[in-house]
Every structure is written in structure tokens, then in C-alpha cells.
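Survey of secondary and tertiary structure
This is what each chain is made of:
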Amino acid sequence: MTRTGAGSGARARSGVRTGAGARTRLPPAVLTVRAAAALLAVAGLGNTLWTGIHEPGHALAFGVLITVGELARWGALPGEREPAPLGAAGALAYALLGRSGGESTHHGVLQVVAVLVAAHLVACVPHVARGTGPAPDQVARRVLTVTFAAVCFQPLYNSSRNASWSGEGPYYVLLLLAILVLTALCDAVLAALLLRSRTRHPYPPLLRDELRGLLGIGSAVCATGVVMALGVAVAGLWALPVLCVPLLLTHVSFRRFVAVRTTYRQTIASLARSTEIAGYTPHGHARRVAVLCRAVGRELGLSGNRLTVLEHAALMHDIGQLSLVDPVPDGATATLPAAEQRRIALLGGAVVRQTGVDPEVAVVVERQADPYREQPLSARIVRTVNAYDDLCGESLIGPLGALEQLRLGTAHDFSPEVVESLARVLARGGPAPVLPG
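Residues numbered from 1 in each chain as written. Predicted model: local features only at pLDDT ≥ 70, side-chain atom pairs only at ≥ 80, totals over all residues. Heavy atoms only, no water.

Labelled according to an unreviewed UniProt entry, the protein chain appears under the name HD-GYP domain-containing protein, originating from Streptomyces sanglieri.

So, in C-alpha cells, the structure goes:
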């Protein structure tokens, strides 16, 4: 978060980890999840090779479907929660498959795992050749969640106990939906756990974000998985290509939405850079403040839209300086008188309102210079992190001195809660460093 070479050294002394060495060791939770998925993969492949494949036609059909779905992740955009929805839906459908064309199937849990792993291995070949293979954590989650669904359904169906519980009518559909709800919750818990182990952010807001994400493409994947399993149960494998079409169309629409959202964020980032291009703020200041604000917001439990508003406001927090005749030295508004800070903040809010950005962003920008007791939490975070970055720009102060200055200002200018959250984020390494240039 510093702007000089001396500041970088101070950052290292303050406990902020930099470089690749800080990320060489995987957290225990990540290692555990990957190890569990690897053991299941070995067990599934080994058992299938030893006992043979039950209903090889069905295994091949669903294996091809999963492979095609994984290949469709080609060209995935940043921010896609589920880059391979067709593969996920196909895997869930195979895990929940009890009948095909009116005849019972007997493939079992371990064959479900084997088909899933084999399909992933085949699909990985072209991705790895391009250097764009799926993340190991995503593959491990997929193996564990599909195994969970298969464990909940296959033993129950193969033992014929579901016939006495739900029969083959509406209650059978409700049973499949209940299993999928539990599977989706399992996936959300795993995803939040992996993110928590890597970022050390509080677990509840991470879990809320994952659960909120289930209402989007996640619900489409689960619904398609159920429909595929029921369609194949009645019409056989010919139902698969027909039932894939709605999810493919949903996937295309979702990618367009992600592309629009990415363009929107790039527009905000470009507006934020206008102060740097004009020479009002140092290069990279807005990015550094935004990255650290997001980390502090996570630490304080923000999630979803509140976190997005915070990040956008942090990117545009200095845009009011464009109205100044003479630039502030080094763009450090934290050293200006309170009245001047408020004037710049109000001008910045007026500019933001003219850009068509979310009005909540303008409110945060406008109120970033108010006394902290009168500010919303997002404005408190932006004010504190901006002041930290401004103070770090003075090489004689550095990160430790900047934190001390913030603590001294908690009587009126800075929220003690936000300052201590910032200190915790920095003490454990902070966000991924964003270096000037």
C-alpha cells in the first residue's frame, strides 16, 4: 500500500506479506478437501475397473455430457460462479438416476464418481494444453458435492426403500428436490470454507454470498439436473440432448450478463483513473484503496451488493479532485482541513451522480469526509483506508506510523472498529499486493 521503496520495506516490517513465498503453503482446509476428493476419485476409478461398468451405455452418455459441459467452460469470463453448468447438471442427473426408459439402473455411488472423474480428465486435456485448466478447488468441490448427492440417493433407491417412502409419483420428485437442496447447501458450505481458509475473512458473510449465488445459475443447474434424471427415467437417453437446450440458453444469457457487469466495472475503473491521468493522485492509489477496502469490508461482515458498492466508491473516492484548480500535493486529501475534505467529497458525489453509477456509490463518496459517527459503515471504511494509503505515501511514516496516526484520530475522524479491522487485515498479510505501475 506504499508509494516509495522505503515504504515497501516498512510494509515488510509491519507484517504484510508480499511475493510468491507468502502463498506457497496451502491452508489445511484446502489440503483436506483436495485429499478427500482425491481419495474418492481413486476409490471410484479402482472399484469400477475391478468390478466393471454397469449399464455402459448410460455411463458413456453421461460421461460425454459432462465432458462437453466442461469443455464449454472455454472462454469463461471473470466472475462466473459456475463456468460449466452443463457438466454440473449432467453429473447431478447421473447421481440421481434410478430408472432409464422405465427400467431400473444399478450403477451405484462409486461408478458415479468414476464417470465424473474420467470425464473431467478427458475435458482437462485441451484446457491444460492451453494453460487454462479448471482450478483444483473447483474440481474437488464438484467431486465431493456429486458424491454427496449420489450417497443420498443411490443406496436408498437400490435398496428399494424409496418405493415405500415416496413411490414414483410427486413425492419422488420432492425427494429428488430435497436431495438437490441439501447438495447445493453442501457445495455452498465447501465453497465458503475454501475461501475462508485462503482469505481468512469471516465465514458468515462468505457463506451468505454463496447461498445468494444459488438463486442464480445454481438454481438452473439443480433444476436441470432433476429434469434430466426424470426425463431419462421415462424416455431414456434420448431425453438428454433435448433437456440440455434450456440450460445452454441460460448459460449464454448468464455469460452476457457477466460480460455487461465486467464492462460496467471497467468503466468505473477507467473513471477512477482519470484523477491519476490528470496528475491529481499517484498512480495506483484508487486500486490500492479499493482492494484494501474490500478486504476490510469482508472483515467487518459486508457481502453482496454492499461490498460491491464499497468497492466502486473506493475506486471513485477521489474523483472530486478534478474540480480543483491546483492539485493537492501527492493527492493526499487526508492532510487537508476538514472543510476542504468535505467540499471535495461533495463535488465527487455530484460527479458520480452524473455518471449513471448506483446512487448508493455517490452517497458513500459524498459522506467519506463526515465525522465517522455520522457516516454509514462503507464511508467509514473508505475514509480510513484512504487516509492509511495517503499517510503511507510519506516515507518517514510508513505503515506502522500510518496505523498509529489513525488510532490517534479515532476520537473524531476515524472509526475505532474500522481501524482495528484494517490492522487485522494488514497483520495477517492483507489482500494480494497491488504494486504501483
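1. As for the UniProt feature "transmembrane region" (unreviewed entry) in the protein chain
When the UniProt feature table is mapped onto this chain, "transmembrane region" (unreviewed entry) is found at residues 31-53, 108-127, 139-157, 169-194 and 214-240. Along residues 31-53 the backbone is 91% helical and 0% strand, and the end-to-end C-alpha distance reaches 31 Å. (UniProt positions renumbered as here; feature names shortened; annotations may be inferred. Helix = DSSP H or I, 4+ residues; strand = E, 2+ residues; numbered from the N terminus.)

2. Remarks on the packing of aromatic side chains
Centre-to-centre distance and the angle between the planes together describe a pair of aromatic rings. Within this structure, the stated rule accounts for 2 aromatic pairs. With centroids separated by 5.5 Å and ring planes inclined at 25 degrees, the aromatic side chains of phenylalanine 153 and tyrosine 157 adopt a geometry described as stacked. You can see phenylalanine 153 and its partner tyrosine 157 sitting in helix α6 (residues 136-158), 4 residues apart, about one turn around the helix. (Phe/Tyr/Trp six-rings, centres within 6.5 Å; stacked < 30°, edge-to-face > 60°.)

3. Digging into the pattern of salt bridges
With the rule as written, the count across this model stands at 14 salt bridges. Taking the shortest distance from any N to any O, the salt bridge between glutamate 311 and arginine 294 comes out at 2.9 Å. Of the two residues, glutamate 311 sits in helix α12 (residues 304-315) while arginine 294 sits in helix α11 (residues 285-299), which places them 17 residues apart along the sequence. When its relative accessible area of 11% is taken as the criterion, glutamate 311 is described as buried. The exposure class of arginine 294 is partly exposed, given its relative accessible area of 30%. Between arginine 424 and glutamate 299 there is a salt bridge whose closest N-O contact spans 3.0 Å. (Salt bridge = Lys/Arg side-chain N within 4 Å of Asp/Glu carboxyl O. Buried < 20%, exposed > 50% of the residue type's maximum accessible area, 1.4 Å probe, protein only.)

4. Here we look at the packing of helix α4 (residues 85-95) against helix α9 (residues 203-235)
Where α4 contacts α9, the axes come no closer than 8 Å and their chain directions differ by 40 degrees. When the interaxial angle is binned, α4 and α9 end up oblique. Crossing angle aside, the handedness with which α4 passes α9 is right-handed. Each of Pro85, Leu86, Ala88, Ala89, Gly90, Leu92 and Ala93 in α4 lies in contact with α9, whose residues at this interface are Ile217, Val221, Thr224, Gly225, Met228 and Ala229. Taken together, the residues that form the contact of α4 with α9 break down as 10 nonpolar, 3 polar and no charged. (Axes fitted to C-alpha atoms, helices over the stretch in contact; angles between N-to-C directions. Parallel < 35°, antiparallel > 145°, perpendicular 65-115°, else oblique. Left-handed = near helix turned anticlockwise from the far one by under 90°. Contact = heavy atoms within 4.5 Å. Nonpolar A, V, L, I, M, F, W, Y, C, P; charged D, E, K, R; others polar.)

5. With respect to the environment of valine 245
As for its placement among the helices and strands, valine 245 is situated in helix α10 (residues 239-277). Distance from valine 245 to leucine 86, taken between C-alpha atoms, is 9.6 Å for residues 159 residues apart in sequence.

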